[in-house]
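Now for the letters of each chain:
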Amino acid sequence: MVVTSPRYLDNGYVDGLVRDVQTRTERSRHSADRFVMNFRVEVELYADGANQVMLVPVEMRGHRFDGAVAEGDRIRAHGRLRAGTLRVKKLRNLTTGADVSVKRKKRIGCAILVLLLVCAIVIGIVLWQQYRNSF
């Protein structure tokens, strides 16, 4: 089958109509709740002189969503294809003109903050010991 449509490429790009939108919340004991949105994108393929439709599963997950996607919206997204599902962090809703994105907690920021706090405590202890030994 020869595909001549640029609407779906193997590099993780998809452009089409949203179908079967589902949202859920994943709860965790050790971190904040994570929101997950799954839907399929109806992609028209022009192959061997005939139109065909392919449904591409898409997933967005994070701690907060900015924007919205509804049944029948036309979207354009780029992401990583994993186990047959396109995982995206940001997409363009062509129907509304809005950017839809998912926000994740930045763990590196927390790690840097903890590291700076530990360094400040160690420096404080060293300075306190030098101060006490000076008398």
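Residues numbered from 1 in each chain as written. Predicted model: local features only at pLDDT ≥ 70, side-chain atom pairs only at ≥ 80, totals over all residues. Heavy atoms only, no water.

J.: Please explain the confidence of the model for the protein as it appears in this structure.
T.: The predicted coordinates should not be examined in detail at positions where pLDDT is low. Across the protein, pLDDT averages 83, with 87% of residues at or above 70. Mean pLDDT values for the elements of the protein range from 51 in strand β1 (residues 8-9) up to 94 in strand β9 (residues 90-93). For residues 1-7, every residue scores under 50 in pLDDT, and the model assigns this stretch 20 contacts once sequence neighbours within four places are set aside. (pLDDT = per-residue confidence, 0-100. Helix = DSSP H or I, 4+ residues; strand = E, 2+ residues; numbered from the N terminus. Contact = heavy atoms within 4.5 Å.)

J.: How do you make sense of the pairing of β9 when you look at a structure like this?
T.: Where a strand is regular, its side chains alternate between the two sheet faces. Going residue by residue along β9, you find L91 and N93 tucked away on one face and K90 and R92 left uncovered on the opposite face. Pairing geometry for strand β6 (residues 74-78) and β9, over 3 bridges, is antiparallel. Considered in β9, the bridge of I75 is made with N93. In the sheet, β9 pairs with strand β10 (residues 98-103) via 4 bridges, with the strands oriented antiparallel. In the sheet register, R92 faces β10, and the bridge partner there is D99. (Buried < 20%, exposed > 50% of the residue type's maximum accessible area, 1.4 Å probe, protein only. Pairing = 2+ DSSP bridges.)

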